[in-house]
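Here is how the chains run, residue by residue.
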Amino acid sequence: MKKLLIIFLTFLFLTNFANSQSRFGELTEIRDEKMRGKDGQWVRPHPGPFIWNHIEKEKGKFNWEEADKYVVYAQEHNQTILATIWPHANWEQKSCKRKKAKSPFGKRFTKYLSKPCSMDEYRNFLVKLVDRYDGDGLNDMPGLTKPIKYWDVMNEPEFKMFFKGSKEDFVEIFNFSSKVIKEKQPDAVIVMAGAAGMFPESKKYWKVVLPKIKDHFDIANIHHISGPDGQCDKQLWVDEFADLLKSTDVDKPIWLTEAMTCGPPVKAWVNAFLNGAELIIDVGVNAPGRKMSKKGRKKLNEFIAEYDGFTSIKSISEKKVEFTYSDGSSKTLEF
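Residues numbered from 1 in each chain as written. Predicted model: local features only at pLDDT ≥ 70, side-chain atom pairs only at ≥ 80, totals over all residues. Heavy atoms only, no water.

Here the focus is the packing of aromatic side chains. Under the definition given, this model contains 30 aromatic pairs. With 5.6 Å between their ring centres and 85° between their planes, Phe 24 and Phe 273 make a pair best called edge-to-face. Highlighted residues: Phe 24 in strand S1 (residues 24-28) and Phe 273 in helix H8 (residues 265-274), separated in sequence by 249 residues. Taking the relative accessible area as the measure of exposure, Phe 273 reaches 0% and is therefore buried. Taken together, the ring pairs connect Phe 24, Phe 273, Phe 303, Tyr 307, Phe 310 and Phe 323 into an aromatic cluster. Note that Lys 128 overlies the ring of Phe 62, its terminal NZ or CZ placed 5.5 Å from the centroid. A cation over an aromatic ring shows up here: Lys 331 above the ring of Tyr 307, its NZ or CZ 6.0 Å from the ring centre. (Phe/Tyr/Trp six-rings, centres within 6.5 Å; stacked < 30°, edge-to-face > 60°. Helix = DSSP H or I, 4+ residues; strand = E, 2+ residues; numbered from the N terminus. Buried < 20%, exposed > 50% of the residue type's maximum accessible area, 1.4 Å probe, protein only. Lys NZ or Arg CZ within 6 Å of the ring centre and 35° of its normal.)

Set out below in structure tokens:
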């Protein structure tokens, strides 16, 4: 792991975001009023409504009610959705006698987590999903004003609780999904399935997989969840993830789409930005696991309100950074 000394050096990164784009977001759950995200920021519904099994519970019968609720809410609150696609449907996996699996999402999720029996059936679902929310004016959700452009294909596949399949199965599903989405929605942005930290087993997994999928995603994706021992990485794994990407010849922007910290959150967020993160999505106030203190949450919210929308960041000293904005202005932060 790189030493904290790296942030003492000036580190400037250029953004590929629109100048007005937020740098922050939250995991969301529409059933929970405290987990619906903030106005004008990113939201990543988790597990979210974009689950094959929820939308097509029976072959050929599509129900968009739950997914539409998330999209309508996001539109009304000027939120940008990062939609996670789950390529599993109970009826489809039963057709070739896949084995059942346990997930952390319980009864509200699918009972199967394997590779689809039929990639053609999966394609049919995927095309209809993208078609409903791509905003091209054909077969769109009624009242769609803010299309979904960002698609997160699967989640932490190195963990069996999210995907019950081989590395080769994951690569096939991911690359297939990316191609189908891009064919239907050429301006779509494909986000890599989030790596579950940079533990040895995760590094080993992605060292093999990244070279095989790197031509099929636009944004690299890392998660940071505090471990059972309460420890967390000072850079929220972004530094080690950047090193892994470099070692596999992957030159992509980095998003941190699940951020949980056990220390001062502002310091952790700043370290992550300094090490290359362009977007940070917090796990949210009621996410399972270790909770952020009320004091920490208050400081993080104040930090986001004051410094969001920056185009670059650089380190001035050990505990001081400067944010620059598209209008040429700048703000400093001591943390």
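Here we take up the nonpolar core. Core analysis: the largest hydrophobic core is formed by 79 residues, its most contacted members being Leu 129, Trp 151, Phe 170, Trp 206, Phe 241, Trp 269 and Phe 303. In contact with Phe 303, not counting residues within four places along its chain, are Phe 24, Val 266, Trp 269, Val 270, Asp 308, Phe 323 and Leu 333. Val 189, Ile 219, Ile 281 and Ala 287 belong to the second largest nonpolar core, which has 13 residues in total. (Core = buried A, V, L, I, M, F, W, Y, C linked by side-chain atoms within 4.5 Å. Contact = heavy atoms within 4.5 Å.)

It is worth spelling out the sheet that holds strand S9 (residues 277-282) at this point. With parallel pairing, the nine strands of this open sheet are ordered in space as S5-S4-S3-S2-S1-S9-S8-S7-S6. Strands at the two margins of the open sheet, each flanked by one partner only, are strand S5 (189-191) and strand S6 (195-196). Pairing of S1 with S9, which is carried by three bridges, proceeds in the parallel orientation. Note that in S9 the partner of Glu 26 across the bridge is Asp 282. (Pairing = 2+ DSSP bridges.)

Just geometry here; none of it tells us what the structure is for.
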